[in-house]
Amino acid sequence: MTAPHLYSDPRLVDLYDVLNPAAADTAFYLDLAQSLDAARVLDIGCGTGLLTCALADTVHDVTGVDPSAAMLAVARNRAGGERVRWIEGDAQAARSIDADLVLMTGHVAQVFTDDASWRQTLSAAYDALRPGGRLAFESRNPACAPWRAWTPDASRRRVESQKYGWVDVWHRVIDVTGECVRFATHYRFERDGAQIIAESELRFRSQAALESALREAGFVSMSWYGGWSRKPVDAASRELVVVAMRD
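Residues numbered from 1 in each chain as written. Predicted model: local features only at pLDDT ≥ 70, side-chain atom pairs only at ≥ 80, totals over all residues. Heavy atoms only, no water.

Asks: Looking at this structure, I do not really get the sheet that holds strand 7 (residues 165-177). What am I missing?
Replies: The pairing of strands in a sheet happens through backbone hydrogen bonds and is either parallel or antiparallel. The strand order across the open sheet built from four strands is 6-7-8-9, with neighbouring strands paired in antiparallel fashion. For this open sheet the edge positions go to strand 6 (157-161) and strand 9 (195-203), each flanked by a neighbour on one side alone. Here the average twist between neighbouring strands, direction ignored, is 30 degrees. Examined bridge by bridge, strand 8 (residues 180-189) and strand 9 share nine bridges and lie antiparallel to one another. For R182, the partnering residue across the bridge sits in strand 9 and is E201. Lying over the sheet, helix 1 (residues 10-19) contacts strand 6, strand 7, strand 8 and strand 9, oriented at roughly 115 degrees with respect to strand 6. (Pairing = 2+ DSSP bridges. Helix = DSSP H or I, 4+ residues; strand = E, 2+ residues; numbered from the N terminus. Axes fitted to C-alpha atoms, helices over the stretch in contact; angles between N-to-C directions. Contact = heavy atoms within 4.5 Å.)

Asks: Got a minute to help me understand the pairing of strand 7 in this structure?
Replies: Pairing of strand 6 with strand 7, which is carried by five bridges, proceeds in the antiparallel orientation. By the bridge assignment, R158 is partnered in strand 7 with D168. As paired strands, strand 7 and strand 8 are joined by ten bridges and run antiparallel to one another. By the bridge assignment, D175 is partnered in strand 8 with R182. Where strand 7 folds back onto strand 8 in an antiparallel hairpin, the turn is made up of two residues, including G178, whose phi is positive at roughly 60 degrees.

Asks: Any chance you could explain unusual backbone geometry here in plain terms?
Replies: A negative phi holds for most residues other than glycine; trans holds for most peptide bonds. Positive phi outside glycine occurs at D98, with the angle close to 60 degrees. Looking at the element boundaries, D98 is found in the loop between strand 3 (84-88) and strand 4 (99-104). For D98, a relative accessible area of 44% gives the class partly exposed. Although it is not a glycine, H107 sits at a positive phi angle of roughly 60 degrees. Here H107 is to be found in the loop between strand 4 and helix 5 (115-128). (Buried < 20%, exposed > 50% of the residue type's maximum accessible area, 1.4 Å probe, protein only.)

Asks: Where do I start with the sheet that holds strand 3 in this structure?
Replies: Read across the open sheet, the seven strands follow the order 3-2-1-4-5-11-10; overall the sheet is mixed. Of all strands in the sheet, those with a lone pairing partner are strand 3 and strand 10 (219-225), marking the two edges. Pairwise comparison of adjacent strand axes, ignoring direction, gives a mean angle of 15 degrees for this sheet. Bridge count between strand 10 and strand 11 (residues 239-246): six bridges; the pairing is antiparallel. From the neighbouring strand, S223 faces strand 11, where its bridge partner is V243. On the sheet, helix 2 (residues 24-35) packs against strand 4, strand 5 (129-140), strand 10 and strand 11 and is oriented at approximately 170 degrees with respect to strand 4. Contacting strand 1 (40-44), strand 4, strand 5, strand 10 and strand 11, helix 5 crosses the sheet at an angle of about 140 degrees to strand 5.

Asks: Help me understand the packing of helix 5 against helix 7 (residues 207-217), please; the structure alone is not making it clear to me.
Replies: Working note: a packed helix pair is described by the angle between its axes plus the distance between those axes. For the pair helix 5 and helix 7, the least separation of the axes is 9 Å and the interaxial angle reads 55 degrees. With respect to helix 7, the element helix 5 is oriented oblique. Crossing angle aside, the handedness with which helix 5 passes helix 7 is right-handed. Counting all contacts with helix 5, which are made through W118, R119, L122 and Y126, the residues of helix 7 involved are L210, A213, L214, E216 and A217. Residues that form the contact of helix 5 with helix 7 fall into these classes: seven nonpolar, no polar and two charged. (Parallel < 35°, antiparallel > 145°, perpendicular 65-115°, else oblique. Left-handed = near helix turned anticlockwise from the far one by under 90°. Nonpolar A, V, L, I, M, F, W, Y, C, P; charged D, E, K, R; others polar.)

Written out as structure tokens, the structure is:
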């Protein structure tokens, strides 16, 4: 999920795909759509449309929704972007899709830090699905406390942008309060020495809390995985991946 206040800067938009390339999660969701024989898919928080456009190669009807106009501009110009219906907004704007499958990738579930917005998003996803349709998403497992590795030394990466050259990127935790973690991502551009500091907040809900919210929203059956290989969830699982069916 992308936030407009973070991804209005063209430099951060350009770096998004460099820092978040197609990987095992992309393959998981593409395989899920194929295994469900999904004819209509909604991608909530589609960002630059990497997965969304890949879905359009095999799915007849694909919709991507995101609040960031700058990210959607990239998505529209991506190969296959002309085959996708793009919506600037949040999940509420796509309640009438009647989808076979709704996806929230890129840890979208963690962006909704307050209970009200999380309930509204799950309700919108439920309404966007046909009876028997599925919602799938992932959330980092709080039992692993992944934010402990979000230190400048442990998280530092050096990536290259075709437009802006080499960039050093690292994280720094600001505050941990209950299930919520506030952190800053630092970007230092080698070419001109420019620096950007983008602050974010994520919520790390437990599997039990996620399941409770899904059931409250009306989802009746759930399959849980501890990662992209579909292994069962255990104490060492870094991801909580769920595929939930609406009634």
